[in-house]
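# A structural walkthrough
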Amino acid sequence: MSDDKITLEIDGRLCTAVPGEMIIAVADREGIAIPRFCYHEKLSIAANCRMCLVEAEQGGRPFPKPVPACATPVNDGMKVLTRSKKALDAQRGTMEFLLINHPLDCPICDQGGECELQDVSMGYGEDVSRFSERKRVVKDEDLGPLIATEMTRCIHCTRCVRFGAEIAGLRELGATGRGEDMRIGTFVERTVAHELSGNIIDLCPVGALTSKPYRFTARAWELTSEESIAPHDSVGSNLRLHIRGSQVMRVHPRDNEAVNECWISDRDRFSYEGLSSPERLTEPLLKRNGQWQTVDWQEALHAALEALQAPGPDQLGCLISPTATLEEQYLLQRLVRTLGSDHIDTRLRQQDFRGDAADPTFPWLGLPIAELEQQQGVLLIGSDLRQEQPLLAHRLRMAALDGATIALLNPYALALNHASLQLVAAPPALASELRALSQVLGKPVQGATVEISDRHRQIATALQAAGKAGQGLVLLGALAEADPDYSLIRALAAALAETAECRLGFLAAAANSIGSRLAGSLPHRLPGGAAPKRPGLDAQAMLTDPRQGYLLWGLEPDRDFADPSLAMAALRSAKQVVACSHFKSAALDEVADVLLPISAFAETAGTFVNAEGRWQRFQGAVAPAGDARPGWKVLRVLGTMLEFDGFGQNNAREVHDEVAHACSGLAPDNRLSDARALTAITERSAPSAGALTRIGNLPIYASDALVRHAPALQRTPLAESLAVYLHPQQAADLGLTEGDQVRLIQGAGSHSGSGSVGDNAAAKEARAPVVLDDRIALGCTRIPAGVDGSEALGPIIGPVRIEKIGA
Amino acid sequence: MSFRNTPLAVIQDVDKETLLTPELRAEIDKHVAKYPPEWKQSAVMPALTLVQDHNGGWLSRELMDQVAAYLDMPETAVYEVATFYAMYDLEPVGRHKVCVCNSISCMLGGAEELMHHIEKKHNVAPGGTTADGKLTFKEFECLGACRHAPVVMVDKAYHECVTPDAIDKIIDDLD
Amino acid sequence: MAENQNTVCFRTMHLDARVRHTLESYRSVGGYRQWERILREKPDPDQLINEVKTSALRGRGGAGFPTGLKWSFMPRSKPDQKYIVCNSDEGEPGTCKDRDIMRYNPHQLIEGMAIAGYCIGATIGYNYIRGEFYEPIARFDEALEEAYAAGLLGKELLGSSIDFDLYTHLGAGAYICGEETALLESLEGKKGQPRFKPPFPAQAGLYGKPTTINNTESLASVPVILEKGGQWFLEQGRPNNGGPKLFSVTGHVARPDNFEIPLGTPFRDLLEMAGGVSGGRALKAVIPGGSSVPVVPGDVMLTTDMDYDSITKAGSMLGSGAVIVIAEGTCMVKVLANLAHFYAHESCGQCTPCREGTGWLARVLDRMLAGQGRTQDLDLLDNVAGRIGGRTICALGDAAAMPVQSFLKHYRFEFEYLVEHGRPLVEAA
Ligand SMILES: Cc1cc2nc3c(=O)[nH]c(=O)nc-3n(C[C@H](O)[C@H](O)[C@H](O)COP(=O)(O)O)c2cc1C
Ligand code: SF4
Ligand code: FES
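The shown structure was predicted, so the numbers you read here are calculated from the model rather than taken from an experiment.

## Quick word on the overall build of chain B
Of regular secondary structure, chain B possesses seven helices and four strands. Element order for chain B, N to C, with α for helix and β for strand: α-α-α-α-β-α-α-β-β-β-α. Counting only C-alpha atoms, chain B reaches 55 × 40 × 25 Å along its principal axes. For chain B, buried positions account for 56% of its 175 residues. At a minimum sequence separation of 6, the contacts of chain B that also span at least 24 residues come to 64%. Looking at chain B as shown, the accessible area adds up to about 7,200 Å², and 52% of this sits on carbon and sulfur atoms. Across chain B, the 16 positively charged side chains and the 28 negatively charged ones have centroids separated by 3 Å.

The structure is reproduced here in structure tokens:
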């Protein structure tokens, strides 16, 4: 490498570089500022704004014209002048051209104070405009609820267009027309529908594309900025919160190459709106004689303690949102365990816990996030990746563009923005599909397989080839985790990975799913990953075998469980339910007895452990809503009131340090302790005749309570509502057509796999329209979870019966 | 990152047999065959031209979308092309297009007079269509037949050294 | 002089106008003999390229880059698919020669492209023809069919191992697609926006593969160069300015036409061939190489010869060989406004200076013509043009700037008069 280095001079400073690097990249590294608008290090080079013109010479011969620093490769011995008379004149010229048609409305522009054009023009701004012709006025387009446009301000740098083509993989924005008439837009006034769309707001150097929710709410100079970590998926995107007073006004990405690069998903960008939702729980409430009463914290805490102690140790169950901080989870498990119960879990959407005994201690993605891009072959099992982990989907897309084989095994085909090999099979057949892949590689696993197709061969051999090169990966996603045969699928995936010499990885669903493993907030894990003497009840067992008392943390019981009906039934039957929550909800109103308002995202300090096992701490950035209190403090007080040991921490940091201490020496490792044996688990049978398997995917904006309360996100096309997606052929067999209203029936009770539905007293019912979608496997139907109406349903993956209304 | 030159191909989830007409598809396929298989989009210009001819001289959004679907292109990329080139019309046009070259050689040869003549006689400004829908009058940049200035392209035929009298006759002879 | 005319691209011109474009006619003047010889003998491509180098053939599309040298840049040894692309987009105002090559002698272009393909290792060629050229397109397509039928194009030609497929690709009305990298973008099914160079097409051209782009006339000249020898071609013109060249003489001349005459012919003779200035007027100015090059005052032109180097000395460029003659009595502000509108209309829009500057120039000129000019407008025009030229991705920026600067230089008094009096010095255009 070092032989490859060359040296050049920029503004008299000696710099080293790699041949082929562009002048601007070298200058950036050296801290030499060259103005630019079109250049962006993550996008292809357009060299169209002509702002970065500099003077250069090679071998003593000056280039005849100023050259664009963003598109001129460096050479050994090159001399570059970025501020010479010639260079400045060229830059000034460009600046003037950019400004002649740019409205000089900075005082009312949302970008005012943080506008690249404004900043750069300050440096040249001595010119009185010589332009006395009429300025261009451009009609605006409505790009949807997230992005506001003011296209008269556009300077045609095409960053947004290139972002669409290269990063989002969806070319919604284009530059139509030519010359002066060139316009950036969709041309047909289309809502931009992509999970990463908000990044164009950051990319736009001027105020042409701005945040619609943020628009006109604050001026840049009124804001202070705090660092934070995104609370939704397991990427743990690094954020910058912009704050005025005690309100988060907007969220921006913070560069971290290893995690989120310079991007964030729209979910991470716009979910802050949920913080100021009118639905926030802002004061402690007690239910007395069926009536809610506002009480002070003291009274509420006493009531809570009573409620937690009343049922007796074995009758207390604790269910925690996996987006809870490491500190909260740690103190929760400590509180509950000191109370004598090991019934504690965050795996709310999991149904099959048969493999718990074989669980790895510190499961993870299997590799650092950034390395996803270098994989040559990836098999994704049971994952709607773009919805679950938008930025990991982006990393895999980069790998695909680089030639990697991205294969998927899912109950429905995904709309991806890159080439892929997709296997589509109803959940009961997923295991057979995996066995088929192993069989192709000459290592059959016991059990049924499907007929081997060319696609199986293609996928298996691609995985094997990638594995041989050390760049193969088998990943399990949220749909796999929700499957009633998850243990089996996981074991088969592990066996396949081993055969193909690929790594095995887990796409941890939520911001702190991995943290649960380390904090010990699972029935079979203590802090640091050790096993308790006897594991407690898992999330499912706590509901099928209802407890008399529950402690709920940060969740909405009718939205966040694998089987909301079951959860609600269990909670209804309990004597005591204490819920610590960010939001009010009808479901909590109904089942809880004590409601304690806790700090949400941005309101508390804490730690998330992301998919790759990276611990990321953050500080509280704003005051909690109303009377809410940081969760860890509430728990500390409860512990202290009970005079329990280990609740004396003075700050969140000390809690963190305790967990860290418990985890010292622990490294991520995905080995299952008894994988082979698990492949012999019996499959839960397919649904009985007349029923289909429901696939209750979790739409991107239904993933947790905060997102569900963010209004702008809920208005985007990606926010799904309850519907019954059926393959046209399946629909025809059922005598259904698009738009038909149907009744959905999912049985309660037996989750051990009887597969019977409907004829049960506790059967639940919902109504929804039919949508035809030929990407869905036969034998199943996609009915989203977490959305309005889904609370009346049963297991997210499980049998469902569909009846036409009026038939 | 450096320069990119990869096809923009997207998977357009439609049955190609439902797009355009079988004849148009066959014609487009002839063009598609000229280019590498992964570069179907190279045929977008001939495809738009064919579709426009078939549609009475203009391209509707629906037709552009169908071309996009047929060639597995993002719709936006097709709009970009359709709005970039002067020979595509995105609004309904008259039965005939009368395109007068307005560039230097033709201007020196009397194109301006010719244009004023058409404007007055048919009461139509450049870019407009006559009330009877007979013709759309367009100014064109250099038509590349400068030695016959002024040049007028009427539909697919060039007319050379056109005088006001000559253009009257040409237009009269159109149906 | 007449015997020196029409010796290369127009060498079928003397044949029966009804059939001179056919394969048979072309064969009758020696057509396809070079291509057949190559297919039979498979000469070393370098030897052929050297012949073209000797000929001093310079690109006829406008830039005048030596064709043989351009071919030698192709990485022939790379196994990649390579392409030869012919630029028949002919959109430069004043230029109308390539159209006539395709109408009168399309086979020679086909043969030239096939030979060029062989020289650079390309087995596929595209001829990018502007979409408005309905008649030339039909002619060229007919000729292609004939050539395929005669086994001159296709696979394993004449039993050799040599393949060459040739296709037409049609533009749809955009001058900028004459710029070679915009042309490639257009061929790739995009809008015609020039690419930044490097990489040059010889490294990454069409579909990212090594590509050579040449003008129609350049390519059509090749069969004759091989037949008669590079030396012969060179001797038709002047050193460093080999061969005859097509000149499109238009504007204020009595008999506008294309003339294929040796490079180095005095302008005075060419003007005479075109019947002199029309209406018996005096010569005011000449734009000697297509609308993009600087204007030259008539008296300077009358002492200049028509070759690359001489015209450069006269302060302009030979460009595409489009000679636009302007007679006394023409308002130069109006002429410039016409040119300015052309470039504003044809700017692809990607570069800031070109997108914003060309429209600005046109508007200022319009305002002046409307009697609203200001004294500072003259400097403004000159300065804005200077801020466009040399600062854009492609040469359209220069093309838009050079006329402005040269018109102001030579005809400043007309601009001044206009500003002062609110009406042009000369009323007519
Ligand atoms: C704005 C612009 C327009 C051009 N138009 C044409 C054209 O219409 N025909 C052409 O052959 N070359 C045109 N050129 C020149 C081409 O870029 C290129 O130099 C030429 O096709 C190369 O062929 P040659 O070396 O045989 O001349 C144009 C260049 C520019 C900058
Ligand atoms: S100079 Fe003009 S025409 Fe050329 S690339 Fe730039 S904007 Fe396009
Ligand atoms: S940053 Fe270099 S041209 Fe825009």
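## Concerning the site of ligand 1
Residues and elements named next belong to chain C. Around ligand 1, the surrounding shell holds 18 residues, and the nearest of these are Gly 61, Asn 87, Asn 214, Asn 215 and Ser 218. In the model, an oxygen atom of ligand 1 is placed 2.9 Å from a nitrogen or oxygen of the Lys 70 side chain. Note that an oxygen atom of ligand 1 is positioned 2.6 Å from one of the side-chain N or O atoms of Ser 218. When the free accessible area of ligand 1 is taken as 600 Å², the share hidden by the protein chains comes to 91%. The element contributing the most residues to the shell around ligand 1 is strand 4 (residues 211–215), with three residues. By residue class, the composition of the shell around ligand 1 is four nonpolar, eight polar and six charged.

## Concerning helix 14 (residues 332–346) of chain C
For helix 14 of chain C, with 15 residues, the first-to-last C-alpha span of 21 Å sits near the 21 Å given by 1.5 Å per residue. Counting buried residues in helix 14 of chain C gives twelve out of 15 residues, a clear majority hidden from the surface. Within helix 14 of chain C the residues assigned to the buried category are Met332(C), Val333(C), Val335(C), Leu336(C), Ala337(C), Asn338(C), Leu339(C), Ala340(C), Phe342(C), Tyr343(C), Ala344(C) and Glu346(C). Where helix 14 of chain C is buried, its residues contact helix 5 (104–108) of chain B together with strand 8 (283–287), strand 11 (322–327), helix 15 (352–372) and helix 17 (396–421) of chain C.

## Observations concerning the sheet that holds strand 13 (residues 247–253) of chain A
All names here are of chain A. A sheet is described by the order of its strands in space; here three strands give the open sequence 11-12-13, paired in antiparallel fashion. Each of the sheet's edge strands pairs with one partner strand only, and the pair in question is strand 11 (224–229) and strand 13. Ignoring which end each strand starts from, the neighbouring axes of this sheet average 30° apart. Direction of pairing for strand 12 (residues 238–244) relative to strand 13: antiparallel, over a ladder of six bridges. Considered in strand 13, the bridge of His 242 is made with Arg 250.

## Describing the UniProt feature "binding site: [2Fe-2S] cluster" (unreviewed entry) in chain B
Within this structure's numbering, the places UniProt gives as "binding site: [2Fe-2S] cluster" (unreviewed entry) are Cys101(B), Cys106(B), Cys142(B) and Cys146(B). These annotated residues cover 46 residues of sequence, and their C-alpha atoms all fall within 9.1 Å of one another, placing them together at a single site. Its place among the elements puts Cys106(B) in helix 5. Owing to a relative accessible area of 2%, Cys106(B) belongs among the buried residues under this scheme. Look past the residues within four positions of Cys106(B) in its chain and what remains in contact with it is Cys101(B), Ala111(B), Ala149(B), Pro150(B) and Val151(B). Summarising the element assignment, Cys142(B) is placed in the loop between strand 2 (135–140) and strand 3 (152–154). Setting aside anything within four residues of it in sequence, one finds Cys142(B) in contact with Cys101(B), Ser103(B), Gly91(C), Glu92(C), Pro93(C), Gly94(C), Arg130(C) and Phe342(C).

## Section: the interface of chain C and chain B
On the chain B side, the residues contacting the 64 residues of chain C number 40 residues. At the boundary of chain C with chain B, total buried surface from both sides reaches about 4,000 Å², with 60% on carbon and sulfur atoms. In this structure, the connection of chain C to chain B is made through four salt bridges. If you look at where chain C meets chain B, you find 23 residue pairs in polar contact (both at pLDDT 80 or more). Elements supplying a minimum of two residues to the side of chain C that touches chain B: helix 5 (97–104), strand 2 (124–129), strand 3 (165–170), helix 8 (180–187), strand 5 (244–251), strand 6 (257–262), strand 11 and helix 14 of chain C. By residue class, the composition of the side of chain C that touches chain B is 28 nonpolar, 22 polar and 14 charged.

## Re the nonpolar core
In this structure, Ile23(A), Leu48(B), Leu71(B), Tyr85(B), Trp35(C) and Phe415(C) are the most contacted members of the largest nonpolar core, which totals 209 residues. Considering every element that reaches this core, the biggest residue donor is helix 17 of chain C, with eleven residues. Summarising the domain contributions, this core has at least three residues from each of domain 1 (3–84) and domain 2 (96–172) of chain B. Apart from the residues within four sequence positions on either side, Leu71(B) is in contact with Ile28(B), Val32(B), Lys40(B), Ala43(B), Val44(B) and Ala47(B). Counting residues in each nonpolar core, the second largest holds 83 residues, with Cys38(A), Trp263(A), Phe270(A) and Tyr701(A) among its members.

## Some remarks on the UniProt feature "domain: 4Fe-4S Mo/W bis-MGD-type" (unreviewed entry) in chain A
Per the UniProt record, "domain: 4Fe-4S Mo/W bis-MGD-type" (unreviewed entry) is found at residues 223–279 of chain A. For residues 223–279 of chain A, helix accounts for 9% and strand for 35%, while the C-alpha atoms at its two ends are 25 Å apart.

## Observations concerning the packing of aromatic side chains
For any two aromatic rings, the description comes down to two numbers: the centre-to-centre distance and the angle of the planes. A full pass over the atoms with the stated rule returns 24 aromatic pairs over all chains. Look at Tyr158(B) and Phe133(C): their rings are 6.4 Å apart centre to centre, the planes differ by 65°, and that puts the pair in the edge-to-face class. Remark: Phe133(C) occurs in the loop between strand 2 and helix 7 (134–149) and Tyr158(B) occurs in strand 4 (residues 157–159); the pair is interchain, linking two chains. Taken as a pair, Tyr158(B) and Phe133(C) share a single burial class, namely buried.

## Here we look at the side chain of His40(A)
Along the polypeptide, His40(A) turns up in the loop between helix 1 (23–30) and strand 3 (53–58). For His40(A), the contacting residues outside a window of four places in its chain are Arg159(A), Leu203(A), Cys262(A) and Trp263(A).

## Observations concerning the packing of helix 2 (residues 44–54) of chain B against helix 4 (residues 75–84) of chain B
Residue and element names in this part refer to chain B. Look at helix 2 against helix 4: their axes get within 11 Å of each other, and the N-to-C directions meet at 70°. With respect to each other, helix 2 and helix 4 are oriented roughly perpendicular. The two elements helix 2 and helix 4 cross, and the hand of that crossing is right-handed. Of helix 4, the residues touching helix 2 (which contributes Val 44, Met 45 and Leu 48) are Val 78, Val 81 and Ala 82. Taken together, the residues of the contact of helix 2 with helix 4 break down into six nonpolar, no polar and no charged.

The rules behind each value
- Residues numbered from 1 in each chain as written.
- Chains lettered and ligands numbered in written order.
- Predicted model: local features only at pLDDT ≥ 70, side-chain atom pairs only at ≥ 80, totals over all residues.
- Heavy atoms only, no water.
- Helix = DSSP H or I, 4+ residues; strand = E, 2+ residues; numbered from the N terminus.
- Buried < 20%, exposed > 50% of the residue type's maximum accessible area, 1.4 Å probe, protein only.
- Contact = heavy atoms within 4.5 Å.
- Areas by Shrake-Rupley, 256 points an atom, 1.4 Å probe, with all protein chains shown as cover.
- Lys, Arg positive; Asp, Glu negative; His and termini not counted.
- Charge placed at Lys NZ, Arg CZ, Asp CG, Glu CD.
- Near = heavy atom within 4 Å.
- Polar contact = N/O pair within 3.5 Å; in protein donor to acceptor, adjacent residues only side chain to side chain.
- Nonpolar A, V, L, I, M, F, W, Y, C, P; charged D, E, K, R; others polar.
- Expected span 1.5 Å × (residues − 1).
- Pairing = 2+ DSSP bridges.
- Axes fitted to C-alpha atoms, helices over the stretch in contact; angles between N-to-C directions.
- UniProt positions renumbered as here; feature names shortened; annotations may be inferred.
- Buried area = accessible area lost by both parts, 1.4 Å probe.
- Salt bridge = Lys/Arg side-chain N within 4 Å of Asp/Glu carboxyl O.
- Core = buried A, V, L, I, M, F, W, Y, C linked by side-chain atoms within 4.5 Å.
- Domains from an automatic or database assignment.
- Phe/Tyr/Trp six-rings, centres within 6.5 Å; stacked < 30°, edge-to-face > 60°.
- Parallel < 35°, antiparallel > 145°, perpendicular 65-115°, else oblique.
- Left-handed = near helix turned anticlockwise from the far one by under 90°.

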